[in-house]
Each structure stands twice: as structure tokens, then as C-alpha cells.
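# Residue-level structure breakdown
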Amino acid sequence: MTRRDLCLAGAALLSVGLGSAPALAQTKLKWAHVYETSEAFHTESVWAAQEFARRTNNKYQIEVFPASQLGKETDINQGLTLGSVDIIISGSSFAARSHPPIGVTYYPFTFQSPEHLLAYTKSDIYKELTKGYEEKTGHVITATTYYGTRHTTSNRPIKNCSDMKGLKMRVPDVPAYLAMPRSCGANTTPIAFAEVYLALQNGTVEAQENPLTTIEAKKFYEVQKHIVLTGHIVDHLNTVVAKGTWAKFTDDEKKLFIEISQEAAARATKQIKADEQKLVQFFKDKGLTVTEINRQEFLDAVSKGVTFEQFGYRKADWDRIQAVKF
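Chains are numbered independently. Their residues run from 1 in the order of the written sequence. Where totals are concerned, whole chains, interfaces and linings use all residues; where local detail is concerned, this predicted model gives features only for residues with pLDDT of at least 70, and gives and counts side-chain atom pairs only at 80 or more. As a convention, hydrogens and water are excluded, and side-chain values are obtained from all of the structure's heavy atoms.

## Topic: the overall build of the protein
We apply this condition: Strands are runs of DSSP state E lasting at least 2 residues, helices are runs of H or I lasting at least 4, and numbering of each runs from the N terminus. Under the scheme applied here, a residue whose accessible area is under 20% of the maximum for its type counts as buried, over 50% as exposed, and between as partly exposed, the area being computed with a 1.4 Å probe on protein chains only. Note that accessible areas follow from Shrake-Rupley with a 1.4 Å probe, and for residues the cover is restricted to the protein chains shown. Counted as positive: Lys and Arg. Counted as negative: Asp and Glu. His and the chain ends are not counted at all. In plain terms, the charge of a residue is placed at NZ if it is Lys, CZ if Arg, CG if Asp and CD if Glu.
Counting its regular elements, the protein contains 13 helices and 9 strands. Taking the principal axes of the C-alpha coordinates as reference, the protein spans close to 95 × 40 × 30 Å. Among the 326 residues that make up the protein, the fraction classed as buried is 53%. With an accessible surface of roughly 15200 Å², the protein has 51% of that area assigned to carbon and sulfur atoms. Distance from the positive charge centre (39 side chains) to the negative charge centre (36 side chains) of the protein: 1 Å.

## Comments concerning the nonpolar core
Stated formally: Buried Ala, Val, Leu, Ile, Met, Phe, Trp, Tyr and Cys residues form a nonpolar core when they are joined through side-chain atoms within 4.5 Å. Residues are treated as being in contact if the distance between any of their heavy atoms lies within 4.5 Å.
Within the largest apolar cluster, 80 residues are counted, with the highest numbers of intra-cluster contacts made by Trp31 and Phe257. If near-sequence neighbours (up to four positions away) are discounted, Phe257 is found in contact with Trp31, Phe52, Ile62, Ile87, Thr142, Thr239, Val241, Trp246 and Phe249. Judged by nonpolar contacts, the second largest core, of 15 residues, contains Ile191, Ala199, Leu229 and Leu279.

## Digging into the state of the cysteines
Where we set the bar: By definition, disulfides here are pairs of cysteine sulfur atoms that lie within 2.5 Å.
Taken as a whole, this structure holds 1 disulfide when the rule is applied. Sulfur-sulfur distance for the disulfide between Cys161 and Cys184 comes to 2.0 Å. Taking the torsion about the S-S bond as the criterion, the Cys161 to Cys184 disulfide, at about -110°, is left-handed. Of the two residues, Cys161 sits in the loop between strand S4 (140-154) and strand S5 (168-170) while Cys184 sits in the loop between helix H7 (175-183) and strand S6 (187-189), which places them 23 residues apart along the sequence. With respect to class, Cys161 is no different from Cys184; both count as buried.

## Structural notes on H7
The complete set of buried residues in H7 reads Ala176, Tyr177, Leu178, Ala179, Met180 and Pro181. One or two residues past the end of H7 sits Gly185, with phi positive at roughly 90°.

## Here we look at the packing of H7 against helix H12 (residues 295-305)
Selection rule: Fitting a line to C-alpha atoms yields each axis, with helices limited to the stretch in contact; the angle taken between N-to-C directions then spans 0 to 180 degrees. Here the angle decides the label: under 35 degrees means roughly parallel, over 145 means roughly antiparallel, 65 to 115 means roughly perpendicular, and every other value means oblique. Side-chain classes are defined by residue name, with Ala, Val, Leu, Ile, Met, Phe, Trp, Tyr, Cys and Pro counting as nonpolar, Asp, Glu, Lys and Arg as charged, and the others, Gly among them, as polar.
Packing of H7 against H12 leaves a shortest axis separation of 9 Å and a crossing angle of 110°. Relative to H12, the element H7 is oriented roughly perpendicular. Each of Ala179, Met180 and Ser183 in H7 lies in contact with H12, whose residues at this interface are Phe298, Ala301 and Val302. Among the residues forming the contact of H7 with H12, the class breakdown is 5 nonpolar, 1 polar and no charged.

## Thoughts on the side chain of Glu209
Applied cut-off: Distance and chemistry together define a polar contact, namely a pair of N or O atoms within 3.5 Å, with one atom able to donate a hydrogen and the other to accept it when in protein, and with adjacent residues in sequence counting only for side-chain atoms on both sides.
Positionally, Glu209 belongs in strand S7 (residues 207-211). You can call Glu209 buried: its relative accessible area is 0%. Among the polar contacts made by the side chain of Glu209, one reaches the side chain of Arg150 at a distance of 2.7 Å. At 2.8 Å, the side chain of Glu209 and the side chain of His232 are in polar contact. Setting aside its immediate chain neighbours within four residues, Glu209 contacts Arg150, His151, Thr152, Met169, Arg170, Val171, Pro172, Tyr177 and His232.

## Comments concerning helix H3 (residues 73-82)
Put simply, the rule is: Directions drawn from the helix axis to the C-beta atoms are what define this arc.
Glu73, Ile76, Asn77, Gly79 and Leu80 are the residues of H3 that are buried. Seen along its axis, H3 keeps its buried residues to an arc of 150°; they face one direction. Structural note: H3 exposes Thr81 and Leu82 on the side pointing more than 90 degrees away from its buried face. As for H3, its buried residues are in contact with strand S1 (27-32), strand S3 (87-90), helix H4 (92-95), helix H6 (124-137) and strand S8 (226-241). Directly after H3, the chain includes Gly83, whose backbone phi takes a positive value near 90°.

## Here's the deal with the pattern of salt bridges
Put simply, the rule is: Should a side-chain nitrogen of Lys or Arg be within 4 Å of a carboxyl oxygen of Asp or Glu, the pair is scored as a salt bridge.
Throughout the structure, instances matching the rule amount to 14 salt bridges. Between Glu195 and Lys72 there is a salt bridge; the shortest N-O distance is 3.6 Å. Residue Glu195 is found in the loop between S6 and helix H8 (196-201), and its partner Lys72 is found in the loop between strand S2 (60-65) and H3; the two are separated by 123 residues along the sequence. On the basis of relative accessible area, Glu195 is assigned to the partly exposed category, the value being 41%. The class of Lys72 is partly exposed, set by a relative accessible area of 42%.

## A short note on the packing of aromatic side chains
Defined as follows: Each Phe, Tyr or Trp ring (for Trp, its six-membered ring) is paired with any other whose centre lies within 6.5 Å, and the angle between the two planes then decides the class: stacked below 30 degrees, edge-to-face above 60, tilted in between. We count a charge as sitting over a ring when the NZ of a lysine or the CZ of an arginine lies within 6 Å of the ring centre and within 35 degrees of the ring normal.
As enumerated under the stated definition, the model contains 21 aromatic pairs in all. Note on Phe41 and Tyr147: the rings are 5.2 Å apart at their centroids and 25° apart in plane angle, and the pair reads as stacked. Highlighted residues: Phe41 in helix H2 (residues 40-55) and Tyr147 in strand S4, separated in sequence by 106 residues. For the pair shown, Phe41 and Tyr147 are each scored as buried. Grouped by ring-pair contacts, the aromatic residues Trp31, Phe52, Tyr60, Trp246, Phe249 and Phe257 constitute a single cluster. Positioned over the ring face of Trp47 is Arg267, at 4.2 Å from the centre of the ring.

Take a look at the structure:
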């Protein structure tokens, strides 16, 4: 082989090596959640994934897996530790399995409105509770999105707390979620989120509770007759990055991901609040009966039999949340 041939061969190898370098440097990440592709939680997750890729010059490529594709909510939370997922959106009720105090927000009637919840996410008590979760698990909460105010749907009319006595009701397997229905005498059943529609349809349960946006997206209104505006929990979702994934990010990338995920959360929150305002009339138009309740009556029933300590919560944290100005 001549010197010219050797030079050409070397140049070709160098070209191949340089051409493959970006592909080798690219890191693929998995972002998982249990919500439908039509919901803001998904569309804004996709936006955030694309924005993070763009602003890191495609160093990171994030694929978003919606609708329980990578498992139920319990599975994807476990996946953070197992390394099967990198990022999730999930409620603090699941974070509370590792750090119980963060679940205090699920004590019934803690928040008076979405605005109260959003003010809480900017407070010192929020920072302390999320830091406690991060210290316990290593996973990092980068943003919080308003999920919606949880209401009850049923095939039985409900006006008072006592009307729920004996009601077969699907409630997530989270102690604080169970507090209001059980205080009113309902028979609660923990059915996986993906299976709720079928359970309502076939009569395994006759009621469930979720935000209006979820009731619409999952089409629960097709198999229910009543919507009862209990408003017992003003709910939220956290964007959580796995410990191992967070460690891969540079300091600038961590700052960037926080910024992007918080913008996505604000965008989703705005959409959820707007959608909720329209849905009461939507359900009425679908032929459902929409009923308001006496909030204090339900709160009194909860207060009589449910303590903060039995869930691992601290009343002092709850008191600080009540004091948050909004």
C-alpha cells in the first residue's frame, strides 16, 4: 500500500470515528407516567423532553411513555430505584411511601383551592418536605403540577356524608385517600387506575373519585350517573428524576432541567384549571346529575376518626400549610 493509500485510509477511519461520536455521546432516557396522551400531563412532558434535547444539543434524547406503558404508578416509582425509568410524574402519595411526611397534602380538605396548593409549592414547608424525600431516596423532585381537585362519581345519589354508607367505591391504595370515604362509611376497593372503567362498567364498584379532567379523559362519565363535587383533595403531581440519572447531569444541565420541567408544570397547570371550569357543564350536558356538598360536614366526619399521626404525617406541617398566604 502506498503512502497516499495509507493516508486516505487513515482519513476514512478518522471520518467514521468523528461521525459516530455524537451517537456515542447521546444518552437516551425514559420518562414514564400513567396518563392518557390527550392529557396535559403527557403533552407537556413531551414538550419538556423535546426542549431538554434541543437545549442540550441532543446530548439527551428523552422518550415519554404514557398510559401505564412502563407499568402502573407503583411500578414506575420502583423503577426510579431499579433503573428501568429515568423520570416520572407521580403524586406525593407515592413519594410518601418512602418519606411519609410529604403525604400530608393528602389529608382531606387540606387545601382550600388550586391557588392555595400553588402557593404551597413556593413555600418553605414545601422545600423542606421535598428535601426530606430527596434525602431519603436520592431521587429529585424538580417541579409540581396541579393535577386537579378530586371529586366523587357514583351510580347512587350523594348529598350528605351518610349517603356514602355501604357504597362500593374504588379508591387508590393510599391511606389518606381512604380517609374521607371510610369516614363516611364507604366500602373502599383498591383497583388499578387502568382497570377502573371496566370495574365501574361491570359493577365491581359503583363509585370512584378523581379530578373532573380525569373523569372526562378516562370516560368514567359513560358508566356513572352522578358527579358529587366533594373537592376532598386538591391534588398534584411531581416531576421526579431518578438518583442515577440526576448524577449524570452536569450542574448546568440540572439547572436547565429544573427550569424546563417547572415551565412545563406551569403550562399544564394553566390548562388543567381552564379545563376544569368547562367540565361541570359538559357533564350536565351528558345527562349526569351534578351535586354540591356541605364541605364542613364531611370535614367534621374525617376529623372525628382520622389523625395525622396514623399516616406518618405531622400536624405541625399541616398547620404551616394552612398558614400559607395565597
